[in-house]
Amino acid sequence: MLARISAALLVWAFGFSVLYALQGAGCAYGWQEIHLFGASLLRWALVVTWVMLVAAGLALLPLARSAASDFERRVTLATTLAGAGAMLVTGSPVALSSICT
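None of the values given here were measured: they were computed from a predicted structure. (Residues numbered from 1 in each chain as written. Predicted model: local features only at pLDDT ≥ 70, side-chain atom pairs only at ≥ 80, totals over all residues. Heavy atoms only, no water.)

A. Highlighting the overall build of the protein chain. From N to C terminus, the protein chain includes five helices and two strands. Walking the protein chain from its N terminus toward its C terminus, one meets helices and strands in the order α-β-β-α-α-α-α. Taken over the C-alpha trace, the protein chain has a radius of gyration of 16 Å; the compact-globule value for 101 residues is 13 Å, which it surpasses by more than 25%. With the principal axes as the frame, the protein chain shows a C-alpha extent of 50 × 20 × 15 Å. When the 101 residues of the protein chain are sorted by exposure, 31% land in the buried category. Sequence separation of at least 24 residues holds for 73% of the intrachain contacts in the protein chain that already meet a minimum separation of 6. For the protein chain, the exposed area adds up to about 6,000 Å²; of that, 74% sits on carbon and sulfur atoms. (Helix = DSSP H or I, 4+ residues; strand = E, 2+ residues; numbered from the N terminus. Rg over C-alpha atoms; globule rule 2.2 N^0.38 Å. Buried < 20%, exposed > 50% of the residue type's maximum accessible area, 1.4 Å probe, protein only. Contact = heavy atoms within 4.5 Å. Areas by Shrake-Rupley, 256 points an atom, 1.4 Å probe, with all protein chains shown as cover.)

In structure tokens, the structure reads:
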């Protein structure tokens, strides 16, 4: 039960770390200087990773259906939406702001 309830928040924590580690590595290795389809390679990598992480968080929604009790179902649904929402909000700077300064 605890794993089901905390799964989306663990995905958010992992995703947050991956996203900002990718940003640091990309800035260190100059990926912002390589341009593809009107944006830098680093921007593409960050946005694609961010979208995949939000989708991974939302992919956990079916876990709520398999809950044993109504309370567990509601808590799992709430934490899944909170985790996906947190990933959406905390990852948004990769698409909306400058990457390397």
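B. Summary view of empty space enclosed by the protein. For the structure on display, the rule yields one cavity of 30 Å³ or more. In this structure, the largest cavity encloses a volume near 30 Å³. Looking at the lining of the largest cavity residue by residue, the class counts come to seven nonpolar, two polar and no charged. (1 Å grid on protein atoms, 1.4 Å probe; cavity = no way out; pocket = protein on both sides within 12 Å on 5 of 7 lines; lining within 4 Å. Points joined across faces, edges and corners; volume = space filled by probe spheres on them. Nonpolar A, V, L, I, M, F, W, Y, C, P; charged D, E, K, R; others polar.)

C. Geometry of the environment of Ser98. On the secondary structure map, Ser98 appears in the segment after helix H5 (93–96). Distance from Ser98 to Arg43, taken between C-alpha atoms, is 9.2 Å for residues 55 residues apart in sequence.

D. Main features of the pattern of salt bridges. With the rule as written, the count across this model stands at three salt bridges. Each of Asp70, Arg73 and Arg74 takes part in a single network of salt bridges with overlapping partners. (Salt bridge = Lys/Arg side-chain N within 4 Å of Asp/Glu carboxyl O.)

E. Geometry of helix H1 (residues 2–28). Counted at 1.5 Å a residue, the expected span for H1 with its 27 residues is 39 Å, and the 38 Å between its end C-alpha atoms agrees. Along H1, the sharpest kink reaches roughly 40°, centred on Ala8. What H1 keeps buried is the set Ile5, Ala7, Ala8, Gly15, Leu19, Leu22, Gln23 and Gly26. Those residues of H1 that are buried lie in contact with helix H2 (41–58), helix H3 (62–65), helix H4 (70–91) and H5. (Expected span 1.5 Å × (residues − 1). Bend = angle between axes of the 7 residues up to and from the residue.)

F. Spatial organisation of the packing of aromatic side chains. Summed over the entire model, instances satisfying the criterion amount to three aromatic pairs. Measuring from ring centre to ring centre gives 5.0 Å for Phe16 and Tyr20, while their planes differ by 50°; the resulting arrangement is tilted. Of this pair, Phe16 and Tyr20 are both found in helix H1, four residues apart, which corresponds to roughly one turn of the helix. Here Tyr20 falls in the partly exposed class, since its relative accessible area comes to 28%. (Phe/Tyr/Trp six-rings, centres within 6.5 Å; stacked < 30°, edge-to-face > 60°.)

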